[in-house]
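Structural overview for review
Take a look at the letters that make up each chain.
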Amino acid sequence: MDKIVVEGGARLSGKIPVSGAKNAALPLLAAALLPSGTSTYRNVPKLADVLTMTKLLRMLGWSADAEAKGDSLVIGPPSGKKKPKLEAPYDLVRTMRASVLVLGPLVARYGRARVSMPGGCNIGARPIDQHLKGLEAMGAKVTLDHGYVEVEAKRLKGATIVFDMPTVTGCENILMAATLAKGRTVMENAAREPEIEELALVLNKMGAKIQGAGTPIITIEGVDELHPIEHAIIPDRIEAGTFACAAAMTHGDVLLEGARAEHMEAIIAKLRAMGAIVAVEAGGLRVKGPAELAPIDITTQPHPGFPTDMQAQFMVMACLAKGQSVIKEMIFENRFQHVPELNRMGADIQTTGRAAVIRGGMKLTGASVMATDLRASASLVLAGMVAQGKTEVLRVYHLDRGYEAIEKKLRGVGAKIKRAKQT
Ligand code: EPZ
């Protein structure tokens, strides 16, 4: 197991390349199950979660070959007489709940799928009732037994589906399923994340007929077949936002190469409200840190609101800001696990239910801290970069799920950070 060791105090300056978006790559890899033929994705981030999804595609019978040095992934259907497997096993799904994204494509194309129910995870129960409700509305028979969900349908039928809440992967599952259903599907109260728009764009490139992605109402006219495509994946807005916080906290001046401001409006608004200077430049987004950060109030919401995946990172900035900040986490019920670790570094954060009150102006000191989930681990690395002395972030496998070579990218702009073996 690895750890990240970081010395506080460096001022970040220079350029950081932003990788392809994890939360776009995962549904796009699942979407490659839909067309008959071989699809190629470029700008695929080298992440543990992408490797897991690639492994799952291979388990189902697809080929998924990464180029040796490049960032492309070529995904081909089961060869010759080989029949596809239609089951995602527990020991894989438990390591990555996004495996549930193969449900929609497999049922739509082959009429059946059997996927281990993803248990809860560190940040919350994260049920998939909306995914299943949508498939049932499209005529699928859903049975749960022995920890697996089995979904069967001779052919899915178009339906109107009103989600109880905007769910990103729930919408992605139904979007993919509806492309091959018979007739029209209307998704209401749909999630509006950029990754949903990206998936719809790629499905339409494959020959699907989708309208309204990025708005709360998405309409899909089912077709009989999709064809393979080539596509470069959009940049990761959360990785970019994480590095933007690093620049803002260290009085830095960093160009986030490839970042797309139109995907990050809520993040940029809060960075500016805290005093950072954020400018759209030809090569991406330039972020300069102020002499002093201002406190901030944040409530996480579905897109285009402030993203829950940026909550932990902004909490570290709030620890430094002069004054009190309040952060409310409205998406997941247990996403404050970074708080005890930050308090051990000298922060003063009180949580009650969904709200965290942060007394700012604190001097953080380096410590050995434990990563618990992906974005919490990122916040601990950020804290280490501004803390006095050395910080060791343990269990960085959480970090590797969603950040490609984070220590190399940060070292490239002056951070004193390295990866080491956790003895
Ligand atoms: C996606 O998770 C992202 N993961 C998460 O990113 C992100 O935090 C989340 O969306 C919210 O933006 C991927 O895209 C792979 P949801 P997802 O379904 O789809 C409830 C990261 O750090 N809900 O939008 O699982 C759910 O409990 C990860 O990169 C149901 O109740 O999230 C939550 O409260 C973490 N029933 C809310 O909806 C359902 O059937 C939003 O969850 C589905 C969801």
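Just so it is clear, the model here is predicted, and its values are computed rather than measured. (Residues numbered from 1 in each chain as written. Predicted model: local features only at pLDDT ≥ 70, side-chain atom pairs only at ≥ 80, totals over all residues. Heavy atoms only, no water.)

Quick look at the pattern of salt bridges now. Under the counting rule described, the total for this entry stands at 25 salt bridges. Of the charged contacts, one joins Arg 184 and Glu 221 as a salt bridge, the two residues approaching to 2.5 Å between their closest N and O atoms. Remark: Glu 221 occurs in strand β13 (residues 217-221) and Arg 184 occurs in strand β11 (residues 184-188); sequence separation between them is 37 residues. Arg 419 is the partner of Glu 407 in a salt bridge, and the nearest nitrogen-oxygen pair spans 2.9 Å. (Salt bridge = Lys/Arg side-chain N within 4 Å of Asp/Glu carboxyl O. Helix = DSSP H or I, 4+ residues; strand = E, 2+ residues; numbered from the N terminus.)

With that settled, the discussion passes to helix α5 (residues 129-137). Residues Gln 130, His 131, Leu 132, Gly 134 and Leu 135 constitute the buried set of α5. At its buried positions, α5 is contacted by α4 (103-110), β8 (141-145), β9 (148-152), β10 (160-162) and α6 (168-178). (Buried < 20%, exposed > 50% of the residue type's maximum accessible area, 1.4 Å probe, protein only. Contact = heavy atoms within 4.5 Å.)

Looking now at the packing of aromatic side chains. Here the structure, examined in full by the defined rule, presents 2 aromatic pairs. Their ring planes at 90° and their centres at 5.0 Å tell us that Phe 306 and Phe 314 sit as a pair that is edge-to-face. Residue Phe 306 is classed as buried on the basis of its relative accessible area of 5%. Residue classification places Phe 314 among the buried positions, given a relative accessible area of 0%. (Phe/Tyr/Trp six-rings, centres within 6.5 Å; stacked < 30°, edge-to-face > 60°.)

Moving on: the side chain of His 231. On the secondary structure map, His 231 appears in strand β14 (residues 230-232). Looking at His 231, its side chain comes within polar contact range of the side chain of Lys 205, at 2.9 Å. What His 231 contacts, discounting residues up to four positions off in sequence, is Leu 28, Thr 40, Tyr 41, Arg 42, Glu 198, Leu 201, Val 202 and Lys 205. (Polar contact = N/O pair within 3.5 Å; in protein donor to acceptor, adjacent residues only side chain to side chain.)

Moving on to the site of the ligand. Around the ligand, the structure places 21 residues, and the nearest of them are Gln 130, Thr 167, Thr 169, Asp 309 and Ile 331. Measuring from an oxygen atom of the ligand, one finds a backbone N or O atom of Pro 127 at 3.3 Å. Taking Asp 129, its side chain carries an N or O atom lying 2.7 Å from a nitrogen atom of the ligand. For the ligand, whose free accessible area comes to 830 Å², the fraction covered by protein is 88%. At the level of elements, α1 (22-31), α5, α6 and α12 (374-386) are the ones that each hand at least two residues to the shell around the ligand. (Near = heavy atom within 4 Å. Areas by Shrake-Rupley, 256 points an atom, 1.4 Å probe, with all protein chains shown as cover.)

What follows concerns the domain arrangement of the protein chain. Taken as a whole, the protein chain is organised into domain 1 (2-19 + 235-421) and domain 2 (22-232). The centre of domain 1, based on its C-alpha atoms, is set 30 Å off from the matching centre of domain 2. Counting from both sides, the interface comprises 23 residues of domain 1 and, opposite them, 20 residues of domain 2. Taken together, the two surfaces of domain 1 and domain 2 that pack against each other cover about 1,800 Å², and 51% of this comes from carbon and sulfur. Among the residues domain 1 hides against domain 2, the three largest losses belong to His 303, Arg 401 and Glu 404. Together they make up 33% of the total. Summed over the shared surface of domain 1 and domain 2, the number is 2 salt bridges. Here Arg 237 ties to Glu 195 by a salt bridge, and the two come within 2.8 Å at their closest N and O atoms. Our count for the domain 1 to domain 2 interface comes out at 8 residue pairs in polar contact (both at pLDDT 80 or more). Among the elements of the structure, α12 and α13 (397-400) are those that each provide at least two residues to the side of domain 1 that touches domain 2. Tallied by class, residues from the side of domain 1 that touches domain 2 come to 5 nonpolar, 8 polar and 10 charged. (Domains from an automatic or database assignment. Buried area = accessible area lost by both parts, 1.4 Å probe. Nonpolar A, V, L, I, M, F, W, Y, C, P; charged D, E, K, R; others polar.)

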